[in-house]
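Okay, here's what each chain looks like letter by letter:
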Amino acid sequence: MKSLKLFLFLLIAMVMIGCDKEQTVADYGIIPLPQETQLQEGAPFVLSANTKIVYPAGNEDLKRIAHFLVDYVKFTTNAQLSAIESGNDAANAIILSADLSHENKDAYNLTVTDKQIVLKGASATGVFYGVQTLRKSMDANSLDKDIAFPQVVINDYPRFQYRGMMLDVARHMFPVEFIKEFIDLLALHNMNTFHWHITDDQGWRIEIKNYSELTEKGSQRAETVIKKNTGKFDGKPYGGFYTQAEAKEIVAYAQERFINVIPEVDLPGHMLGALTAYPHLGCTGGPYAVEGTWGVFDDVVCAGNDEVVVFLKDVFTEIMEIFPSQYIHVGGDECPKVRWEKCPKCQAKIKELDLKSDKEHSKEERLQSYIISEVEKFINSKGRSIIGWDEILEGGLAPNATVMSWRGIEGGVAAAQQNHDVIMVPTSHFYFDYYQTTDIDNAPFGIGGYVPIEKVYSFDPVFSELTTEQSKHILGVQANLWTEYVKSPEHAEYMLLPRMDALTEVQWTDPKLKNYDQFEQRLLKMMKYYDRKKYNYATTIFDIKANIEPDTKNNRLNVELVTLGDEAIHYTLDGSEPTKGSPIYSEIVKIGKPLELKAESFREGEHKFKYSNKFEFSKSTVRAITLNPEPTKSYTFNGAITLVDGSRGNPNNYKDGSWIGFYGQDVEATIDLKEDTEFSTVKVGTYICTGDWIFGLKSLTVLTSTDGEIFKQVDSQLFEQPTEHVELAKQEEITFASQNARYVRIVMHTVNALPKWHSGAGKKAYLFLDEIIVD
Ligand SMILES: [Zn+2]
């Protein structure tokens, strides 16, 4: 009976589609989501091996786009379509033209009827994006099948004109083939800018014919530090560069896909590659060596040496020959001034230019502005414009520069208020070298941080501080892939995908249309394509996530478990590994005592998706807590409750929301234990990462009160401080004679000043805190 039903169903299906070939159905719910999609009634357009792609006679751009579409269809269905000039038979055809009238040149209109698909762009670029939409609407698993395109009218255009991605090839470089794959990924995601970070302290990677030692010496480092500046090295020389011919090939490949390549030569800091080759360009004269560690280095180019300006002009002359980009990136970030403060040439230049320190800027910061403006004047004289990182705001900004705001949102807002064009790239949302999961034991080693895909998706680059007029200066958004720890194409793919999908909806789609849950569903379709391309993408969207709601009234934690789709989550509360026989999660789990929650979804495929958390309960867990002062803005996350939520901070990552951070201040936490309670110990979790200026507790003082008004000191204790660089999570403890009180106040004293051995000696330290345990 069952098989008869199936047979009838298939028969009807075959009759309905009127052909003998299997079909898949195109779905216009793609990434980025088009601005307007109106499905129409009626029979679909069926794309088969006989479908033709028609472009206007003599239009080379559209001819090229037509052939891209031929390739995309070939990849998807195996059918080899033909691309023909208009004037020929246009039945069963996809017809391309660039005659759409629209103020946005990237706009396109796509109309599907049962007879044909008509794609009109406001320019060739618009047609290209329309073709990307057609390509992404096809089911990636359509080999040897026809594709039915439901009738539709799509009107689409991007929200922002600048849609970029940066790739760093100085720390680790990638073969030309991968650079092209990277460009393909940009095209797939409707992006139009490839920002290429091509020189840095760890290597100069672009051939400059007039300065051959830049690549002979400046591209080679003796060895590379293992992991995060551990002091241990791999002992392997590392080097390489792109010839001008290769760079031009990459530029042409990008141009064919309507992508502009912005080269970045980072100056006046991050120049050890160049200084190693030409030590006379530095303040001390060297010798210098291409760096094998990561970070910011004191040796920068000498801003008082006129030969440096000549050198930079020569370099940019060749750079502008290779890269036709209107924008040229000059870096400008992370330039320490310690050499300039001592250098006679730099100080003489400061005198000559009559630069003065004031409240806002030191004279050395003004010297940096001088050197950037010299470069800017030169680049402007060739009809091009500069972009720089947001530090170029310091010391007075070069007048025509566009600012790339990375340190936060404030820099971008300030620049827009000063009527400078801005590209938003804040670390908090768009640093794709940061982890995308908290389960970092199962992720490739990385720089730290936590930028999950939801966070990327949530960004809106238009801020309430800006007037409508100022908002127009926000040209767009970009994400950056720095490669200190990213050594292979596979690792790069993992960092990029699928976060690029979230990025493109920030760049392209009207925020009113954005919806994260629907985005995830659309992403599943994109992943089918990634599977077919064998890209190594991250599968974190399938992770089980726990939303933990502390309920201080009932002294418990309400835990919600979620995962993508309707996949069942099995869980245990006794620390045992869940099996398919374990209870299926269906409602919030209420936790009021110590236990270990483990959960797992048994999805098909090789990936396992697990969650586990050991909840600890002490006398302070889920009790009302107040902090003075509040944590710093960037490290507030869920605020004070984090310190009594029964969960320890991630021992490998202080930026993932499980710790809260303070800068340069003692912290006072007051906990209401609800009734008089006996206790004799207090434990406080801290995270120490001296390289990031994070030190632990200097001392701990405990006070108690019965009324919450008058506190008396119980005890105080000092702790040892690191004498060399370390990174670890630590728990400090103080024990005292048993107390009986309702209120306990814990004063956590921070290190007043970074120690002498530290590069930031004398400056304030960060303090990162987690679970406070009172027992
Ligand atoms: Zn100097």
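Data block above holds the structure.
In this report, we go over the structure that sits alongside the text. Just so you know, these numbers come straight off a predicted model, no measurement behind them.

Rules of the game
Residues numbered from 1 in each chain as written. Predicted model: local features only at pLDDT ≥ 70, side-chain atom pairs only at ≥ 80, totals over all residues. Heavy atoms only, no water. Salt bridge = Lys/Arg side-chain N within 4 Å of Asp/Glu carboxyl O. Helix = DSSP H or I, 4+ residues; strand = E, 2+ residues; numbered from the N terminus. Buried < 20%, exposed > 50% of the residue type's maximum accessible area, 1.4 Å probe, protein only. Phe/Tyr/Trp six-rings, centres within 6.5 Å; stacked < 30°, edge-to-face > 60°. Lys NZ or Arg CZ within 6 Å of the ring centre and 35° of its normal. Expected span 1.5 Å × (residues − 1). Polar contact = N/O pair within 3.5 Å; in protein donor to acceptor, adjacent residues only side chain to side chain. Donors = N, O, S within 2.8 Å, 3.2 Å for Na, K, Ca; no water. Tetrahedral: all angles 85-135°; square planar, octahedral: opposite > 155°, others 65-115°. Axes fitted to C-alpha atoms, helices over the stretch in contact; angles between N-to-C directions. Parallel < 35°, antiparallel > 145°, perpendicular 65-115°, else oblique. Contact = heavy atoms within 4.5 Å. Core = buried A, V, L, I, M, F, W, Y, C linked by side-chain atoms within 4.5 Å. Pairing = 2+ DSSP bridges. Left-handed = near helix turned anticlockwise from the far one by under 90°. Nonpolar A, V, L, I, M, F, W, Y, C, P; charged D, E, K, R; others polar.

**Topic: the pattern of salt bridges**
Within the structure shown, the criterion is met by 37 salt bridges. Of the charged contacts in the structure, one is a salt bridge between K525 and D27, with a shortest N-O distance of 3.7 Å. Placement of the pair is K525 in helix α18 (residues 516-533) and D27 in the loop between β1 (23-25) and β2 (36-39), with a sequence separation of 498 residues. A relative accessible area of 37% places D27 in the partly exposed class.

**Observations concerning the packing of aromatic side chains**
Enumeration over the complete set of coordinates arrives at 41 aromatic pairs. What links up through ring pairs into an aromatic cluster is the set Y635, F637, Y654, W659, Y663, Y687, Y766 and F768. Directly above the ring of Y253 sits R257, whose terminal nitrogen or CZ lies 3.6 Å from the centroid.

**Thoughts on helix α3 (residues 124-137)**
The terminal C-alpha atoms of α3 lie 20 Å apart, and with 14 residues this matches the ideal 20 Å at 1.5 Å per residue to within 8%. Among the 14 residues of α3, 14 are classified as buried, and the element is accordingly described as predominantly covered. The backbone nitrogen of T125 has a side-chain oxygen 3.2 Å away, supplied by the residue at the start of α3, namely S123.

**Notes on the coordination of the zinc ion**
Coordination of the zinc ion by the protein comes from C283 (SG), C302 (SG), C343 (SG) and C346 (SG), over a distance range of 2.2 to 2.4 Å. The coordination sphere of the zinc ion comprises 4 donor atoms, whose angles at the metal cover 107 to 113°; the geometry is tetrahedral. Between consecutive donors of the zinc ion, the numbers of intervening residues give the motif C-x18-C-x40-C-x2-C. Of this pair, C302 sits in the loop between α7 (272-277) and α8 (306-322) while C346 sits in helix α10 (residues 344-352), and the two are 44 residues apart along the sequence.

**Quick word on the packing of helix α2 (residues 60-77) against α3**
The geometry of a pair of packed helices is captured by two quantities: the angle between their axes and the separation between those axes. At a closest axis distance of 10 Å, the pairing of α2 and α3 adopts a crossing angle of 10°. Considering their axes alone, α2 and α3 lie roughly parallel with respect to each other. Along the contact surface, α2 presents D61, L62, I65, F68, L69 and Y72, while α3 presents A124, V127, F128, V131, Q132, L134 and R135.

**With respect to the nonpolar core**
Of all hydrophobic cores here, the largest spans 175 residues; its most connected members are F149, M165, F194, W196 and F316. Residues I660, F679, L697 and I746 belong to the second largest nonpolar core, which totals 28 residues.

**Notes on the sheet that holds strand β26 (residues 589-591)**
With antiparallel pairing, 3 strands are arranged side by side in an open sheet as β23-β24-β26. Strand pairing shows two members of the sheet lacking a second neighbour, β23 (545-551) and β26, which therefore form its edges. Strand-to-strand twist of the sheet, defined as the mean angle between neighbouring strand axes without regard to direction, takes the value 25°. When β23 meets strand β24 (residues 556-562), the two strands line up antiparallel, connected through 7 bridges. Bridging from a neighbouring strand, E549 pairs with N558 of β24.

**Quick word on the packing of helix α17 (residues 499-508) against α18**
Where α17 meets α18, the axes come as close as 10 Å, and the angle between the chain directions of the two elements is 125°. By the criterion of interaxial angle, the relationship of α17 to α18 is oblique. Crossing of α17 over α18 shows right-handed handedness. On the side of α17, the interface is formed by D501, A502 and E505, while α18 contributes F519, R522, L523, M526 and Y530. Looking at the contact of α17 with α18, its residues break down into 5 nonpolar, no polar and 3 charged.

**Re the pairing of strand β17 (residues 260-267)**
Across the 8 residues that make up β17, a large majority, 7, are buried. Two strands pair when backbone bridges link them, and strand β12 (residues 193-197) and β17 are joined in this way by 5 bridges, in the parallel orientation. Across the sheet, the residue bridging to W196 is P263, located in β17.

**Points about the sheet that holds β2**
Strand order in this open sheet of 7 strands is β2-β10-β7-β8-β6-β4-β5, and the pairing throughout is mixed. If you trace the sheet from one side to the other, it starts and ends with β2 and β5 (82-85), each paired once. Sheet twist, expressed as the average angle between the axes of neighbouring strands with direction ignored, equals 15°. Of the pairings in the sheet, the one linking strand β7 (residues 108-112) to strand β10 (residues 152-156) comprises 5 bridges and is antiparallel in character. Bridge pairing in β10 places T111 opposite V153. Contacts from α2 reach β4 (52-55), β5 and β6 (93-97) within the one sheet, and its direction differs from that of β4 by about 165°.

Interpretation note: all reported values are geometric properties and have no functional meaning in isolation.
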